[in-house]
Amino acid sequence: MHQTIDHPPMKLSFSKKFEAIDLQDLSEASVQATPSDVKRILNTGKANSLEDFASLLSPAAEPYLETMCRLSQAATLKHFGKTMRMFAPLYLSNECVNVCRYCGFSRHNNIPRITLSLDEVEREAGLLHRQGFRSILLVAGEHPKYVSNGYVESVVRRLCESFPSIALELGPLEASGYAPLVNAGCEALIVYQETYDENTYHSLHTTGPKKHFNWRMDTAERAYQAGFRRLGIGALFGLHDWRKEAIALASHAQHLTRNCWKAQVSLSLPRMRPAAGEFEQVEFLPDHQFVQLIAALRLFVPKAGITLSTREPATLRDGLIALGITSMSAGSSTEPGGYSAFDETSFTPKDEQPGEQFHIADERPPAVVAKAIAKAGYEPVWKDFDQSLLADPTVSEPMQSPEYQIGKIESLESLDPVSIK
Amino acid sequence: MTSRTSQTLKIGDREFDSRLLVGTGKFSSNESMKEALRASGSGLVTVALKRANLDSSNDPFANILDFLEPDRYLILPNTAGAMNAEEAVRIARLAVAAGLPNWVKLEIHPDPNYLLPDPIETLKATETLVAEGFTVLPYMNADPVLAQRLQDAGAATVMPLGSPIGSNQGLDTKSQIEIIIEQASVPVVVDAGIGAPSHAAEAMELGADAVLINTAIAIASEPSAIARAFAKAVEAGREAFEIGLGSASKKAEASSPLTAFLGT
């Protein structure tokens, strides 16, 4: 069995460090940056400080977007080559105890609530496997009853033979809660801060464990202590001033790169999409600035992965392939069980998916996205990790079926009783 | 005669006509990789096992091995992705179980940013795998003492880096590599950081037995063409080394030697 890496706790967690960062000051300086500031940074080919990064987000940097993109492309090629890592999300459950005003899964939204049984998970995963995916992101709402650690661990153990790389996007846990999931075969942990503005955060997350701003912010570090090899962070653009969010996110990425040195840090920059609920986004991040942000991040944290999901439309995604993106999802459903309702040949939704988290923009099937990637001169990489790195094939250890935390689960009706041994 | 002065490169029990080793990551397509490997004339190509399908299911989505031609090259599995000796040993064993050669390029880099090799874990894994009969080619930092330790542990080559993987910065570690070459009893393969044919030629002129190139070929606009250029540079550098280069001097020799008083 894989030995969990026991990293020492951080000397200074990001939430502590973050208190000393003056986002207001940095974003004001960013808006006021001059063309000569921008030229100085671009001449060195990289952003050497958070101030430099902020300058690259400035209106003064906009005329230099082409130069920024060329530098971003060159830096990405050196580290990642002409490759694009492919993955798909698999939604396990949309049960959620949190109230997040912008999210389709928010507790008070009237949507069909679904938690997949292990057999249903396997069926969904099989459909993704047939499309080529060997890297999968398991997503679930935060619900101690329906999405217990034991449930997730059982899912991981079911899937790890077919999926060499398994990532998780769940409600934050303690490091001790993550360790069994790492042991079961998970490689990556994804957690978005959503917004780095504390006031906005509290106004959007009114109920549930998610309301704890600092606890969420330090999740990636707890995951590292538990042995995850890839740490994904992100902000949901549309909730607050985009420059402030970007500066905070960049600082967070730099902190993780320095303190979690054995982990690959990756960034996601989701922009708000239509979802259930009445939430109107407060600030739209336009395409031009979105691209500027991607290039600026590449020049500040050149070796961080950058993920682009199907939230973005096909034309924009195709254009971004060569500009700094390193991993892409394709053919995604954001509803638990959604892939089973896809048209089998086209691998696109047959009907509306009322239980979805948000509505995607790029509905092309994975094979078509892969073709677009190849056309851009990049190799879609479906498999880039191997479970044998984690589990010793020479030791045949009987698979232990994890016990459910029965004490915490009041009812198991949503789980397939036959599949629980 | 040692391998360093023979015309062919000898590693373990195999001889290779070409002194250029090529990696298979970062290419824009498997087809372009296949062409570039052919053009390089290399006889030894390395592939990351994490990219390959190691069971017998012929997975079309993890089929990089299908594009490597075993009649042209010896396939050298590498352990990229391993963070410690234990993981590297596991995946090397698995490769053999899958029918790949019992040769392994050890790559143990816990730091995913610069991919710098962990010396302690690399030495441990070398000891284990050599004992199990593997031909072990360890990727290492350009540390002469580590090179000696790896040699003592039975490594078939030592593979010091010129500069970090993918950096294309050339032989930043030149003075250390010179010491490694001077002390080596196994072939020295300069691996990583070689970004231009001139860097490859420089390594060969120093007396390296071979070089390994990946990024500089894979991300070039014409991988096959640049692979050919690297092949020529490797040959030219080797020839120059074997012929012997005149030592360069910034100062002219004094016309009246200080030792003239000794007479003739």
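Look a little higher up for the structure.
In this text the structure is predicted, and so the values were computed from the model without any measurement. (Residues numbered from 1 in each chain as written. Chains lettered and ligands numbered in written order. Predicted model: local features only at pLDDT ≥ 70, side-chain atom pairs only at ≥ 80, totals over all residues. Heavy atoms only, no water.)

Topic: the overall build of chain A
- Secondary structure summary: chain A contains 15 helices and 11 strands in total.
- Once local pairs closer than 6 in sequence are excluded, the contacts in chain A between residues at least 24 apart make up 75%.
- When the accessible surface of chain A is split by element, carbon and sulfur atoms take 51% of a total near 16,400 Å². (Helix = DSSP H or I, 4+ residues; strand = E, 2+ residues; numbered from the N terminus. Contact = heavy atoms within 4.5 Å. Areas by Shrake-Rupley, 256 points an atom, 1.4 Å probe, with all protein chains shown as cover.)

Quick notes on the nonpolar core
Residue and element names in this part refer to chain A.
- Counting residues in each nonpolar core, the largest one holds 111 residues, and the members touching the most others are Phe53, Leu90, Leu138, Leu168 and Leu293.
- The greatest single-element share of this core, amounting to 9 residues, is contributed by helix H13 (residues 287-300).
- For leucine 138, the contacting residues outside a window of four places in its chain are Leu90, Leu92, Val155, Val156, Leu159, Ile166, Ala167, Leu168, Glu169 and Leu170. (Core = buried A, V, L, I, M, F, W, Y, C linked by side-chain atoms within 4.5 Å. Buried < 20%, exposed > 50% of the residue type's maximum accessible area, 1.4 Å probe, protein only.)

Focus: the packing of helix H4 (residues 144-152) of chain B against helix H5 (residues 174-183) of chain B
Residues and elements named next belong to chain B.
- At a closest axis distance of 9 Å, the pairing of H4 and H5 adopts a crossing angle of 30 degrees. Overall, the two elements H4 and H5 adopt an arrangement that is roughly parallel. At the point where H4 passes H5, the crossing takes the right-handed sense. Between H4 and H5, the contacting residues are Pro144, Ala147, Gln148 and Gln151 on the first element and Gln176, Ile179, Ile180 and Gln183 on the second. (Axes fitted to C-alpha atoms, helices over the stretch in contact; angles between N-to-C directions. Parallel < 35°, antiparallel > 145°, perpendicular 65-115°, else oblique. Left-handed = near helix turned anticlockwise from the far one by under 90°.)

As for the interface of chain B and chain A
- Tallying the contact residues gives 35 residues for chain B and 38 residues for chain A.
- For the pair chain B and chain A, the summed buried surface comes to about 3,000 Å²; carbon and sulfur atoms form 54% of the total.
- Summed over the three residues of chain B that lose the most area to chain A, namely Phe61, Arg90 and Asn113 of chain B, the buried surface amounts to 23% of that side.
- Our count for the contact surface shared by chain B and chain A stands at 3 salt bridges.
- Between arginine 229 of chain A and glutamate 87 of chain B there is a salt bridge; the shortest N-O distance is 2.3 Å.
- The interface formed by chain B and chain A contains 15 residue pairs in polar contact (both at pLDDT 80 or more).
- Those elements that provide at least two residues to the side of chain B that touches chain A are helix H2 (85-97) and helix H7 (215-218) of chain B.
- Ranked by residue count, the leading element in the side of chain B that touches chain A is H2 of chain B, at 6 residues.
- Each residue belonging to the side of chain B that touches chain A can be placed in one class, and the counts come to 17 nonpolar, 9 polar and 9 charged. (Buried area = accessible area lost by both parts, 1.4 Å probe. Salt bridge = Lys/Arg side-chain N within 4 Å of Asp/Glu carboxyl O. Polar contact = N/O pair within 3.5 Å; in protein donor to acceptor, adjacent residues only side chain to side chain. Nonpolar A, V, L, I, M, F, W, Y, C, P; charged D, E, K, R; others polar.)

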